[in-house]
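Spelled out, the chains give:
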Amino acid sequence: GLAEKMQAAKAKGQNPAALPNQLMIDSGSDDEKRAMAAMAALDGAPARAETLSAVSGISDFNATLEKLTRRKLVETRVDGYRLAGPLQAILQKDWDLTERRSSALAHLTAWAEEQRRDHRRVEESSSALLSVFNWALRNGRWDEAKRLGKALDVGLTLSGRWEAWGQVLRQV
């Protein structure tokens, strides 16, 4: 049972307290894992269900989101959804999120360009947008970062996010 697995983890020098979280992750369906990967790709930034659906590629994303929420693997916030508790750190450490981050960058850049003049929508998604912007910069994806930065310029200015706006301007 769980007690034996926790003892085995301790014997291997692993943190046994992380084991229940790992078992919860491992027991998820493929769609649940893809949804969790989409959230982990945003470095803890909350995101709208539509964004997570596009990044994960799951057709019935709301049903998957409902299951994850019921299992307490996802937090519901005013500005979207994100992984609960230590799951973000676990997935970032154990999973290769490059494909999901690339997908998030492509989707959010196109979305930000479409929403360029609707500063309220950009403001609502600014955490996720800035997360993929910073990932693009850290990974040498200069053209994509510049394109996203230009799309964010007006929205961040009109919503009064001066610090974020300044950060984007310095980079692009």
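These notes cover the structure that comes with them.

What counts, and at which threshold
Residues numbered from 1 in each chain as written. Predicted model: local features only at pLDDT ≥ 70, side-chain atom pairs only at ≥ 80, totals over all residues. Heavy atoms only, no water. Helix = DSSP H or I, 4+ residues; strand = E, 2+ residues; numbered from the N terminus. Buried < 20%, exposed > 50% of the residue type's maximum accessible area, 1.4 Å probe, protein only. Contact = heavy atoms within 4.5 Å. Areas by Shrake-Rupley, 256 points an atom, 1.4 Å probe, with all protein chains shown as cover. Pairing = 2+ DSSP bridges. Salt bridge = Lys/Arg side-chain N within 4 Å of Asp/Glu carboxyl O. Core = buried A, V, L, I, M, F, W, Y, C linked by side-chain atoms within 4.5 Å. Axes fitted to C-alpha atoms, helices over the stretch in contact; angles between N-to-C directions. Parallel < 35°, antiparallel > 145°, perpendicular 65-115°, else oblique. Nonpolar A, V, L, I, M, F, W, Y, C, P; charged D, E, K, R; others polar. Arc of directions from axis to C-beta.

**Focus: the overall build of the chain**
Part 1: Helices and strands together make up the secondary structure of the chain, namely eleven helices and two strands.
Part 2: Counting across all 172 residues of the chain, residues that qualify as buried make up 40%.
Part 3: Taking the intrachain contacts of the chain between residues at least 6 apart in sequence as the baseline, contacts between residues at least 24 apart amount to 65%.
Part 4: Roughly 9100 Å² of accessible area belongs to the chain as shown, and the carbon and sulfur atoms make up 49% of that amount.

**Re the pairing of strand E1 (residues 74-77)**
Part 1: Alignment of E1 against strand E2 (residues 80-83), held across four bridges, turns out to be antiparallel. Following the sheet pairing, Glu75 is matched in E2 by Arg82.
Part 2: The hairpin formed by E1 and E2 contains two residues between the paired strands.

**What about the environment of Leu83?**
Part 1: Following the sequence through the fold, Leu83 ends up in strand E2.
Part 2: Sequence-wise, Leu83 and Ala35 are 48 residues apart; in three dimensions their C-alpha atoms are separated by 9.7 Å.
Part 3: If near-sequence neighbours (up to four positions away) are discounted, Leu83 is found in contact with Met36, Met39, Ala40, Leu73, Val74, Glu75, Gln88 and Leu91.

**Considerations on the pattern of salt bridges**
Part 1: For the coordinates displayed, the defined rule picks out eleven salt bridges.
Part 2: Glu113 is paired through a salt bridge with Arg147; the nearest N and O atoms lie 2.7 Å apart. Here Glu113 is found in helix H7 (residues 98-114), whereas its partner Arg147 is found in helix H10 (residues 142-158), with 34 residues between them in sequence.
Part 3: Classification of Glu113 as partly exposed rests on a relative accessible area of 28%.
Part 4: Each of the salt bridges in this network shares a partner with another, and the network as a whole consists of Asp43, Arg101 and Arg138.

**Notes on the nonpolar core**
Part 1: Counting 42 residues, the largest nonpolar core has Met39, Leu42, Phe61, Leu129 and Leu148 as its most contacted members.
Part 2: Every element with two or more residues in this core is listed here: helix H3 (30-40), helix H4 (49-56), helix H5 (61-70), helix H6 (87-94), H7, helix H9 (126-138) and H10.
Part 3: Ranked by residue count, the leading element in this core is H9, at eight residues.
Part 4: Filtering out sequence-adjacent residues up to four positions away, Leu148 remains in contact with Leu105, Leu108, Thr109, Ala112, Leu129, Val132 and Phe133.

**Some thoughts on the packing of H3 against H5**
Part 1: Interhelical geometry of H3 versus H5 gives an angle of 85° and a closest axis separation of 10 Å. By the angle class used here, H3 and H5 are roughly perpendicular. Contact residues: H3 offers Asp31, Glu32, Ala35, Met36 and Met39, while H5 offers Phe61, Thr64, Leu65, Lys67 and Leu68.
Part 2: Among the residues making up the contact of H3 with H5, the classes are represented as six nonpolar, one polar and three charged.

**Looking at H4**
Three or four residues apart is the spacing at which side chains of an α-helix point the same way, because the helix has 3.6 residues per turn.
Part 1: Listed as buried for H4 are Ala49, Thr51, Leu52, Val55 and Ser56. End-on, the buried residues of H4 take up no more than an arc of 160°, which puts them together on one face.
Part 2: Buried positions along H4 lie against H3, H5, E2 and H7.
Part 3: Of the residues trailing H4, Gly57 is marked for its positive phi of about 75°.

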